[in-house]
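Per-entry structural report
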Amino acid sequence: MTPAIKVLLADDQALLRSAFRVLVDSEPDMRVVGEAADGAQAVEVARAERPDVVLMDIRMPGTDGLTATRMISADPELADVRVVMLTTFEVDEYVVQSLRAGASGFLGKGAEPDELLNAIRIAAGGEALLSPAATKGLIATFLAQGGGAGEGPGAAAYSERLAALTTREREVLALVAGGLSNDEIAERLVVSPLTVKTHVNRAMAKLGARDRAQLVVIAYESGLVRPRVE
């Protein structure tokens with residue numbers, strides 16, 4: 001039997017945490033292992049409980065979700081912990097910073113219960129919560145923050161790492177940045193989804209990316225993909 005997905009709830013609103021707990025614990029394949037009312041507590045509980053997924057509110061008093069996510073991502077002992085940011089809006093001013101900090105994706109607080117549960121399963125499986133619509137919003141936000149292609153904080157380092165990618169890996173990376181799923185990329189390149197997954201995994205390893213969400217940011221910050229402003 002597959003072990004239940006361990007979930008940590010980090011939100012300063014106790015009522016919201018309670019609602020999430022009831023929802024998560026009602027599923028046979030997941031369970032809540034801890035709660036936190038701020039970012040510092042979230043990091044502390046994450047180190048103690050080693051959850052698979054942290055549902056992290058961005059805006060919290062004291063240590064916010066962005067800082068907490070950065071701390072979790074920087075801790076080698078928490079390398080397997082995936083953070084899903086909870087936002088008031090699916091795309092807001094902190095989304096790009098969240099992904100740079102190591103979040104696997106983001107979800108609006110107004111999401112349906114099934115969407116939230118699916119998000120937890122996707123993150124626990126190592127995938128990223130970036131739909132094509134969300135990716136377009138991410139790019140728009142990235143540009144609005146003044147981050148053009150090849151201008152991000154890690155642009156130079158990423159550009160050097162890109163040299164290690166094969167031509168096909170670069171091609172797949174560009175399509176990932178466009179918001180395409182593995183199946184869609186496979187159809188576009190006329191290869192199997194498994195082959196695409198292999199290319200994605202190799203690109204992540206070479207670029208030091210935690211997951212698919214990080215690949216999208218790297219693709220734009222390195223200048224591999226040029227955003228089109230409509």
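To keep things clear, this report deals only with the structure shown in the data block. (Residues numbered from 1 in each chain as written. Predicted model: local features only at pLDDT ≥ 70, side-chain atom pairs only at ≥ 80, totals over all residues. Heavy atoms only, no water.)

**As for unusual backbone geometry**
Convention followed: Elements are defined by DSSP. Helices are runs of H or I of four residues or more, strands are runs of E of two residues or more, and each kind is numbered from the N terminus. Burial status follows relative accessibility: with a 1.4 Å probe on protein chains alone, a residue under 20% of its type maximum counts as buried, one over 50% as exposed, and anything between as partly exposed.
Although it is not a glycine, R50 sits at a positive phi angle of roughly 50°. Inspection of the secondary structure puts R50 in the loop between helix 2 (39-49) and strand 3 (53-57). Of note, V190 is a non-glycine position whose phi angle comes to about 55°, a positive value. Relative to the helices and strands, V190 resides in the loop between helix 9 (182-189) and helix 10 (193-207). What makes V190 exposed here is its relative accessible area of 72%.

**A short note on the sheet that holds strand 4 (residues 82-87)**
The strands making up a sheet associate through backbone hydrogen bonding, with each pair oriented either parallel or antiparallel. The condition is simple: When DSSP locates at least two bridges between a pair of strands, those strands are taken to pair. Under this scheme, a helix contributes an axis fitted over its contacting stretch, all axes are lines through C-alpha atoms, and angles between N-to-C directions fall in the 0 to 180 degree range. Here, residues are in contact when the closest pair of their heavy atoms is within 4.5 Å.
Strand order across the open sheet formed by five strands is 2-1-3-4-5, with parallel pairing between neighbours. Looking at strand neighbours, the two that pair on one side only are strand 2 (30-36) and strand 5 (105-108), the edges of this open sheet. Taking each pair of neighbouring strands and ignoring which way they run, the sheet shows an average axis angle of 25°. As paired strands, strand 3 and strand 4 are joined by five bridges and run parallel to one another. Residue pairing in the sheet places V53 in a bridge with R82 of strand 4. Strands strand 3 and strand 4 of the sheet are contacted by helix 3 (residues 65-74), whose axis makes an angle of about 155° with strand 3.

**Here we look at the packing of helix 8 (residues 167-177) against helix 10**
How we decide: Should an angle fall under 35 degrees it is taken as roughly parallel, and over 145 as roughly antiparallel, whereas 65 to 115 is taken as roughly perpendicular and any remaining angle as oblique. Only Asp, Glu, Lys and Arg are considered charged, only Ala, Val, Leu, Ile, Met, Phe, Trp, Tyr, Cys and Pro nonpolar, and every remaining residue, Gly among them, polar.
Helix 10 packs onto helix 8 with a crossing angle of 95° between their chain directions and a minimal axis gap of 9 Å. By the angle between their directions, the pair helix 8 and helix 10 is classed as roughly perpendicular. Contact residues: helix 8 offers R168, E169, V172, L173 and V176, while helix 10 offers V196, H199, V200, R202, K206 and L207. Counted by class, the contact of helix 8 with helix 10 contains six nonpolar, one polar and four charged residues.

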